[in-house]
Each structure stands twice: as structure tokens, then as C-alpha cells.
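Working through the structure, step by step
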Amino acid sequence: GAVVSQHPSRVICKSGTSVKIECRSLDFQATTMFWYRQFPKKSLMLMATSNEGSKATYEQGVEKDKFLINHASLTLSTLTVTSAHPEDSSFYICSASGFTSGTHTDTQYFGPGTRLTVL
Amino acid sequence: QKEVEQDPGPLSVPEGAIVSLNCTYSNSAFQYFMWYRQYSRKGPELLMYTYSSGNKEDGRFTAQVDKSSKYISLFIRDSQPSDSATYLCAITEAAGNKLTFGGGTRVLVKP
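From a predicted model like this one, the values you see are computed outputs, not experimental measurements.

A word on the side chain of His71 of chain A. Residue and element names in this part refer to chain A. Mapped onto the elements of the fold, His71 is located in strand β7 (residues 67–73). The exposure class of His71 is buried, given its relative accessible area of 4%. Here Ser50 takes part through its side chain, which lies 3.0 Å from a polar atom of the side chain of His71. Here the side chain of His71 touches Ser73 through a polar contact of 3.2 Å, landing on its backbone oxygen. If sequence neighbours within four positions are ignored, His71 has contacts with Ala30, Thr31, Thr32, Met33, Ser50, Asn51, Glu52, Gly53, Leu76 and Ser77.

Printed below as a string of C-alpha cells:
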């Protein structure tokens, strides 16, 4: 199956700082990447969808200036949480879909997640 | 009414039993159906996906889709303690589109 990695797996930062999370597709071309947020014992909440080379589309209620998404290549997307505050503490997960060997993956493959703690 | 409904559980079964999970959905435009397994503090792992009514089997897992009833199921045979996790159904209208998730069912397989 397709493999998606995320880095870092865990980050602790001080309030007011910015944090960048990387999401990489390791063995396929990720034309579309998705960023999710998950609270404890809750399902995934989609934050934004990004297509390679285009601006991200944010879900209603998600601040695009707060959560900056870049998808500049077919293997890498980044989520930057700007001026993080304790309420931004959460589990952030990316997923990707795209093409492998010329065939669309049909579904989304998820990264292992990044746990952000803002003090 | 949520677009995708899933019983949150928890569902507790003895080792070796069959685990039965299901979701109902309301949008008839949904065409792709997926089941993910998520362990605590990990990303979801794709177990099964299908885009047609009927059954699909992969090892101990069987996914069932009934588009006429808007009902999907996942069965896990010979359940193991390592199957203890949260299972999420996810549905979408077209490949590559954003997914609509059920709330997840927590499963506990007791040795």
C-alpha cells in the first residue's frame, strides 16, 4: 500500500511561536493532500484540502491565516500553525491521494499523525 | 441528521468471536466506501475499500455494501486482542474527493 510519513511525530512549543508539520508521500505522487485535526476520542475533522501547485481550500470555520498550508511538490505538503496558542493543541493528521504507476490510488492514505502541545 | 452514522460503542467481544461493525449514510451520491482502523495516538490505517454493492473479502476482513439501503458493514473473523482499536467508516462521492467519516466504533477484544 501507499506510504505517507509525517514529521515531527510530537512537538511541544511555547505560546506565540509557529510550528511547521511536514507530510510526505513516499512511494506515490500525491496530487491531493488533506489535513485533519482530531481531538481525544473524536473522529477526524477535515481542515483543508490542497492540490499540488494550487492554493488550499479550507473548510468552514478554519482560519487560513492561522493554519498555512503549502503543497509545492507531488510528495510534500506542509502545515504551519502560526502564533500557536494552547487551544491549538491537538493531533494533526495528513492524508494523500494521487497516482502510483499511472493508476489513481482511489482512496486516501494517512500519515501517522503529529501531536502538538502548546504551553 | 449526520451524513454518516456509526455506533460509537464500545463493542467488547471475546477473542475468536466475529466483530460486526456498520454505518448508515444518507447521501445517495456516495460511491466509494472505506474502512479504516485507528490505534490510539496513531493515524488511520486503510483496511478495505470498495465502490460496488456486495461483499469484498480480504483475509479475516469482509466489507459489505448495500447501496439500496445505504448501509455498509465490516466483519472481522477470528478476532484477536490486536484488533482492539477504533474503526472508522469513510465514504466519498468520487475517488480522490474529501471523505465523510462516521464517528468511529471502539472495539475491545478480550483474551
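Still more ground to cover, so stick around.
Residues and elements named next belong to chain B. Reading across the sheet, the five strands line up as β1-β3-β8-β7-β6 and stay open at both edges, with antiparallel pairing between neighbours. The open sheet has two free edges, formed respectively by β1 (4–6) and β6 (54–58), since each of these has just one partner strand. Averaged over all neighbouring strand pairs, the angle between strand axes comes to 15°, with direction disregarded.

What counts and how
Residues numbered from 1 in each chain as written. Chains lettered and ligands numbered in written order. Predicted model: local features only at pLDDT ≥ 70, side-chain atom pairs only at ≥ 80, totals over all residues. Heavy atoms only, no water. Helix = DSSP H or I, 4+ residues; strand = E, 2+ residues; numbered from the N terminus. Buried < 20%, exposed > 50% of the residue type's maximum accessible area, 1.4 Å probe, protein only. Polar contact = N/O pair within 3.5 Å; in protein donor to acceptor, adjacent residues only side chain to side chain. Contact = heavy atoms within 4.5 Å. Pairing = 2+ DSSP bridges. Axes fitted to C-alpha atoms, helices over the stretch in contact; angles between N-to-C directions.

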